[in-house]
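Topology and contacts: notes
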Amino acid sequence: MTTFRRILHPTDFSRASTPALRRAVALARACRAPLVLLHVMTPPSPFIGEDTLPSSYLELLTLARRSAKRRLAAAVARARRKGVRVQAIFAEGLPADEILRAARRARADLIVMGTHGRTGVSRVFMGSVADRVVRESRSPVLTVRAHGR
Amino acid sequence: MAADPAAEGFGRLLVPTDFSAGSERAWAEARRLAARLGAELVLVHVLVETPLFSEGPFTMKRARDVFDASRAWAVKTLGDWTTTAAAESIPARWVLRTGVPYKEIVGAAARERADLIVMGTHGRGGLDRALLGSVADRVIRLAPCPVMTVRGTE
């Protein structure tokens, strides 16, 4: 019986996304599906004042990009050691947009993502990415709370 | 060939249903997943006993009759749905609760020690098509386990 053919897991490398990664790996293994690890880097807005030259912004961006790609490669290596086929996607932009776009492009039929699971004011900021993905994704979305089981 | 459910950490899947088309899709998805994971399914429906118009000493019996009829229908439908899983050799049972849907679903997940909740994003409260259903939204925030939301066809 076929289930999921390709599982997308967006990661921000934080501890909050660790429980989600664990589930994504478990499901990829059970379904014998490749896991697509996605990291979305949101470039800082280029604030250019008198003291900030465009060249230093670009330098910062290059450093941030390099560091994010290195961490993504490390995450891929860790997941591979668990016996799962892994692909990596590096994207830049707004997380929810890029997650939905990557899911479509990679033809992922399941998205497994962490959510901070907070309530009240902070959830407006913290959980908004998962909120939008759950609302707009055509494929099923598995949300795993950061501090849940 | 099913994987070892204990090893994969998905032994029991809780599937809330309000018998809508969206829940039907979630039920189908849950069955596929349970078959693959070798997991057990627990179908849960929550009866909402809305205060009926002019409910009072003289009409209490009538209100009771309405609730009893909806309970009987729910029991029968839960049985039918459970049978579809059993026919696919998936262990399944159902639970019927009365109360506020999201609270009962979260409570059932804890009581049943569910490893995963599989539910539709939209149930019968169909006014807010653009928004995430309020039940799914609350369950995602409050559930003791991960939640898989399945979008209905549009």
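Note that this is a predicted model, so its numbers are computed, not measured.

About the thresholds
Residues numbered from 1 in each chain as written. Chains lettered and ligands numbered in written order. Predicted model: local features only at pLDDT ≥ 70, side-chain atom pairs only at ≥ 80, totals over all residues. Helix = DSSP H or I, 4+ residues; strand = E, 2+ residues; numbered from the N terminus. Buried ≥ 20, exposed ≤ 12 C-beta atoms within 10 Å, placed from the backbone. pLDDT = per-residue confidence, 0-100. Contact = placed C-beta atoms within 7 Å. Core = buried A, V, L, I, M, F, W, Y, C linked by C-beta atoms within 7 Å. Nonpolar A, V, L, I, M, F, W, Y, C, P; charged D, E, K, R; others polar. Pairing = 2+ DSSP bridges. Axes fitted to C-alpha atoms, helices over the stretch in contact; angles between N-to-C directions.

Turning our eyes to something else, we now look at the overall build of chain A. For chain A, the helix and strand inventory stands at five helices and five strands. When the helices and strands of chain A are listed from N to C terminus, the series reads β-α-β-α-β-α-β-α-α-β. Classification of the 149 residues of chain A by burial places 36% in the buried group.

Glancing now at the confidence of the model for chain A. Summarising the model, chain A shows a mean pLDDT of 86, and 84% of its residues fall at 70 or more. Note on residues 117-126 of chain A: pLDDT is under 50 here. Beyond four places in sequence and across chains, it has 11 contacts.

Counting 74 residues, the largest nonpolar core has Ile7 of chain A together with Leu13, Val15, Leu41, Ile117, Val118 and Val139 of chain B as its most contacted members. The biggest single contributor to this core is helix α1 (residues 18-31) of chain A, with eight residues. Setting aside chain neighbours within four positions, we find Ile7 of chain A in contact with Ala24, Leu27, Ala28, Ala33, Leu35, Val36, Ala108, Leu110 and Val112 of chain A.

Attention now moves to the interface of chain B and chain A. How big an interface is tends to be expressed through the accessible area that disappears when the partners come together. Counting residues at the interface gives 22 residues for chain B and 22 residues for chain A. Among the elements that line the side of chain B that touches chain A, the one with the most residues is helix α2 (residues 21-37) of chain B, at six residues. Of the residues that constitute the side of chain B that touches chain A, the class distribution is 13 nonpolar, three polar and six charged. As paired elements, strand β5 (residues 141-145) of chain A and strand β5 (residues 147-150) of chain B share three bridges and run antiparallel to each other. Following the sheet pairing, Leu142 of chain A is matched in β5 of chain B by Met148 of chain B.

Another point: the sheet that holds strand β3 (residues 92-98) of chain B. Strand order in the open sheet formed by 10 strands is β3(A)-β2(A)-β1(A)-β4(A)-β5(A)-β5(B)-β4(B)-β1(B)-β2(B)-β3(B), and the pairing between neighbours is mixed. Looking at which strands have only one partner, the edges of the open sheet turn out to be β3 (86-92) of chain A together with β3 of chain B. Strand-to-strand twist in this sheet, taken as the mean axis angle between neighbours without regard to direction, amounts to 25 degrees. In this structure, strand β4 (residues 116-120) of chain B lies alongside β5 of chain B, joined through four bridges in parallel fashion. Looking at β5 of chain B, one finds that Met119 of chain B is bridged to Thr149 of chain B.

Residue and element names in this part refer to chain A. Across the six residues that make up strand β4 (residues 110-115), a large majority, six, are buried. Alternating residues of β4 divide into Leu110, Val112 and Gly114 and Ile111, Met113 and Thr115, and every residue in both groups is buried. The pairing of strand β1 (residues 7-10) with β4 spans two bridges and is parallel. When the bridges of β4 are listed, Leu8 appears paired with Ile111. The sheet contact formed by β4 and β5 spans five bridges and is parallel. Considered in β5, the bridge of Ile111 is made with Val141.

Listed as buried for helix α5 (residues 128-136) of chain A are Val129, Ala130, Asp131, Val133 and Val134 of chain A. As for α5 of chain A, its buried residues are in contact with α3 (95-105), β4 and β5 of chain A together with α5 (134-142) and β5 of chain B.

Summing up the model confidence of chain B, the mean pLDDT is 87 and the portion of residues at 70 or higher is 82%. As scored by the predictor, the complex reaches a pTM of 0.88 and an ipTM of 0.86.

Counting buried residues in β5 of chain A gives five out of five residues, a clear majority hidden from the surface. Taking every second residue as pointing to the same face, both faces of β5 of chain A are buried, with Val141, Thr143 and Arg145 of chain A on one and Leu142 and Val144 of chain A on the other.

A few words on unusual backbone geometry. Residues and elements named next belong to chain B. Despite not being glycine, Phe19 has its phi angle at roughly 65 degrees, a positive value. Here Phe19 lies in the loop between β1 (12-16) and α2. Its identity is not glycine, yet Ser89 carries a phi of approximately 60 degrees, on the positive side. Of the residues examined, Ser89 has 7 C-beta atoms within 10 Å and is grouped as exposed.

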